[in-house]
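# A look at the structure
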Amino acid sequence: MVSKGPLLRLLTAINRRRMKLLMGLAFVAYVASVWGNFVNMRTLQENGDQKVESKIEEAVAPLREKIKDLEKRKRNVEHWIGHENFELINHDVVEPLYIEVDQIYHLASPASPPNYMYNPIKTLKTNTIGTLNMLGLAKRVGARLLLASTSEVYGDPEVHPQNEDYWGHVNPIGPRACYDEGKRVAETMCYAYMKQEGVEVRVARIFNTFGPRMHMNDGRVVSNFILQALQGEPLTVYGPGTQTRAFQYVSDLVNGLVALMNSNVSSPVNLGNPEEHTILEFAQLIKKLVGSGSEIQFLSEAQDDPQKRKPDIRKAKLLLGWEPVVPLEEGLNKAIHYFRKELEYQANNQYIPKPKPARMKKGRTRHN
Ligand SMILES: NC(=O)c1ccc[n+]([C@@H]2O[C@H](COP(=O)([O-])OP(=O)(O)OC[C@H]3O[C@@H](n4cnc5c(N)ncnc54)[C@H](O)[C@@H]3O)[C@@H](O)[C@H]2O)c1
């Protein structure tokens, strides 16, 4: 985010202070509501009803998970906190956001099937209302917006590999529809804002991506296989494992996103690695790289699971001069190293906050 002039800088500083205050209040309200539920439940618990007690545990568990989740996500960016060009704002994009920016990378959305299917209405709101809010922000401040769209807009494709001209084959009422159709309408919104309001938009159709800092409970195939192999559990393959995928390493994707944002290409662009393998081949490769004795277990096929997935990246090569450079095994080894460390961290199961350096405010040293 870059401010644009003395007046805007001043306004930005004021807005920032207001934003920080609001974010602080929102966070306090959130914790208070979580805590409030917890305290109410404890009061019930003290009345000694065993049934209620087990229900309480069931209800509280996801809240605890939510708090752990927040801590985890913050850990993903903790190395940036304190950097002069970095500011972390806790904000739900379903609510409007008022800040000064030049470029918006709109990536907010649950992305793994278990996550987006967990609360399909919220997934839809994030991709529709959230995208409208980000486009509204882009219009207000004259910023350029890049939408993180997805290969899922192609659904279970009838053409192979998928190029940007293909319109897709999506079941509008299936279990994946909240995400697939959410992203499809998000693209539609981008082009409506471009046509009607002159907002500059960039649309990246991202194919399966993996790498360090993925969530342990992400639920997508690469993290599932790695975690299962590391823990000596069976690697679970849905269906016969003949469905294909092509995985790109996260640093390749980031380079592609930045190149697209700073290009003059306003139509959708595929970003992915075209090296295609069957899911069974992935399972065997990950087993080998981990050095695991896990077996491969076949489970029943998932509904609407795309049978083939491979990007046609000729457009990105031609117009952005971009293509993936990280070989699959190198990327997988980095992800395996990360998940190994995460498992060790979880086994120790403790969060040790780093001592904060004393901060100076108005000439006084503050010890937090
Ligand atoms: N990783 C992939 O393979 C892949 C493939 C295609 C598209 N994408 C897209 O790229 C983006 C990032 O994916 P990811 O793999 O990093 O996913 P992720 O689940 O790891 O991260 C998504 C982030 O969005 C945030 N988020 C969700 N709802 C929000 C809301 N209402 N307000 C604010 N923040 C919200 C989450 O807190 C999280 O930090 C997503 O839009 C996803 O659809 C990813």
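First things first, this report covers the structure right here in the doc. What you see is a predicted model; the values in this text were computed from it and never measured. (Residues numbered from 1 in each chain as written. Predicted model: local features only at pLDDT ≥ 70, side-chain atom pairs only at ≥ 80, totals over all residues. Heavy atoms only, no water.)

## Regarding the pairing of strand 2 (residues 144–150)
Burial runs high along strand 2: 7 of the 7 residues are buried. Of the two faces of strand 2, the one lined by Arg144, Leu146, Ala148 and Thr150 and the one lined by Leu145, Leu147 and Ser149 are each fully buried. In terms of strand pairing, strand 1 (residues 103–106) meets strand 2 through 4 bridges, oriented parallel. The residue bridging Gln103 from the neighbouring strand is Arg144, located in strand 2. In terms of handedness, the path from strand 2 via helix 5 (residues 177–197) over to strand 3 (residues 201–206) forms a crossover that is right-handed. (Buried < 20%, exposed > 50% of the residue type's maximum accessible area, 1.4 Å probe, protein only. Helix = DSSP H or I, 4+ residues; strand = E, 2+ residues; numbered from the N terminus. Pairing = 2+ DSSP bridges. Right-handed = clockwise from strand over helix to strand, strands pointing away.)

## Comments concerning a nonpolar patch on the surface
A grouping of Tyr105, Leu107, Val254 and Val258 is seen on the molecular surface, where their side chains present a nonpolar patch of about 320 Å² in accessible area. Inspection of the secondary structure assignment puts Val258 in helix 7 (residues 250–261). (Patch = residues over 30% accessible without salt bridge, like charges linked within 9 Å, V, L, I, M, F, W, Y side chains within 5 Å. Areas by Shrake-Rupley, 256 points an atom, 1.4 Å probe, with all protein chains shown as cover. Salt bridge = Lys/Arg side-chain N within 4 Å of Asp/Glu carboxyl O.)

## So, the pattern of salt bridges
The final tally for this structure, using the stated rule, is 17 salt bridges. For Glu181, the salt bridge goes to Arg184, with nearest N and O atoms at 3.3 Å. Of this pair, Glu181 and Arg184 both sit in helix 5, 3 residues apart, roughly one helical turn. Residue Glu181 is classed as partly exposed on the basis of its relative accessible area of 24%.

Keep in mind that these numbers describe shape and distance, not what the molecule does.
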